[in-house]
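Okay, here's what each chain looks like letter by letter:
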Amino acid sequence: RIPEYRSRHSLGFPLAGMLTLIAVAVFCGVVRGKKDLAAFAKTLSDHQLRALRFRLDKKTGKPRCPGVTTFFRILNEVDEQALELALLAWQDQMLGPVQDRIIAVDGKALRHSQGGELVSAVGAESGRWLGTVRTPDKTNEITAARTLLERLDQRLDLSGKVMVLDALHTNQETARLIVQDLGADYLF
């Protein structure tokens, strides 16, 4: 479901294989970035690299291992919304439909990201991830949170749910969106 954005001749590392490798690395505790992802990839066996459909090196006949720049390009260019929808569909397949009545929305600045910030929604009872939006440059978490709430409403029925946001979001526009447009309640 995630569109391949690269040209055909540069597919030594298919997108599906790279995203699978990144997911496995995260499940194994790799959380720091592209260098750690590349180091994790080097620990994989030839059989594991072949299973990810990575091309063989013409000289050695062994599968090639992606490096830091490959992870950098993939993580910076992949369609964020398509990736999020695929991960959420996978989560729904594994866990079933969302049951949480209380949804927490909060923003966090990312370490080592040159000022990047994400706003995420999590089911308060289950701890289940419900979506994330990157805060656009030269804006703040308030507008990103509104965008996230609107996206959540497209996937989930938010009527009757309680949205919990920190005091930064205490303003009329956000309150109106939650109550009038989404049919939910809020706690700031």
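A quick note: this is a predicted structure, and the numbers were derived from the prediction, not measured.

## Some words on the packing of helix α2 (residues 34-42) against helix α4 (residues 68-77)
Across the interface, α2 lies against α4 with an axial gap of 8 Å and an inter-helix angle of 125°. One finds that α2 runs oblique with respect to α4. Here α2 and α4 pass one another in a crossing that is right-handed. Residues K34, K35, L37, A38 and A41 of α2 form the contact with α4, whose participating residues are V68, F71, F72 and L75. Grouping the amino acids of the contact of α2 with α4 by side-chain chemistry returns seven nonpolar, no polar and two charged.

## As for the sheet that holds strand β5 (residues 185-187)
The five strands are arranged β3-β2-β1-β4-β5 in an open sheet whose pairing can be described as mixed. Since the sheet does not close on itself, it has two edges, and those belong to β3 (129-134) and β5, each with one partner. Each strand of the sheet is rotated relative to its neighbour by a mean of 20°, with strand direction disregarded. Relative to strand β2 (residues 117-123), strand β1 (residues 102-109) runs antiparallel, the two being bridged by seven bridges. Across the sheet, residue D106 finds its bridge partner in β2, namely S120. Contacts from helix α6 (residues 141-155) reach β1, β2, β3 and β4 (162-165) within the one sheet, and its direction differs from that of β3 by about 140°.

## Observations regarding the packing of aromatic side chains
One pass over the structure, following the stated rule, counts three aromatic pairs. For the ring pair F13 and F54, a centre distance of 5.0 Å and an interplane angle of 85° mean the geometry is edge-to-face. Taken together, the positions of F13 in the segment before α1 (15-27) and F54 in the loop between α3 (46-51) and α4 put the pair 41 residues apart, joining distant regions of the chain. A single burial state applies to F13 and to F54, both of which are buried.

Reading the values: rules and limits
Residues numbered from 1 in each chain as written. Predicted model: local features only at pLDDT ≥ 70, side-chain atom pairs only at ≥ 80, totals over all residues. Heavy atoms only, no water. Axes fitted to C-alpha atoms, helices over the stretch in contact; angles between N-to-C directions. Helix = DSSP H or I, 4+ residues; strand = E, 2+ residues; numbered from the N terminus. Parallel < 35°, antiparallel > 145°, perpendicular 65-115°, else oblique. Left-handed = near helix turned anticlockwise from the far one by under 90°. Contact = heavy atoms within 4.5 Å. Nonpolar A, V, L, I, M, F, W, Y, C, P; charged D, E, K, R; others polar. Pairing = 2+ DSSP bridges. Phe/Tyr/Trp six-rings, centres within 6.5 Å; stacked < 30°, edge-to-face > 60°. Buried < 20%, exposed > 50% of the residue type's maximum accessible area, 1.4 Å probe, protein only.

None of this, on its own, says anything about what the molecule does.
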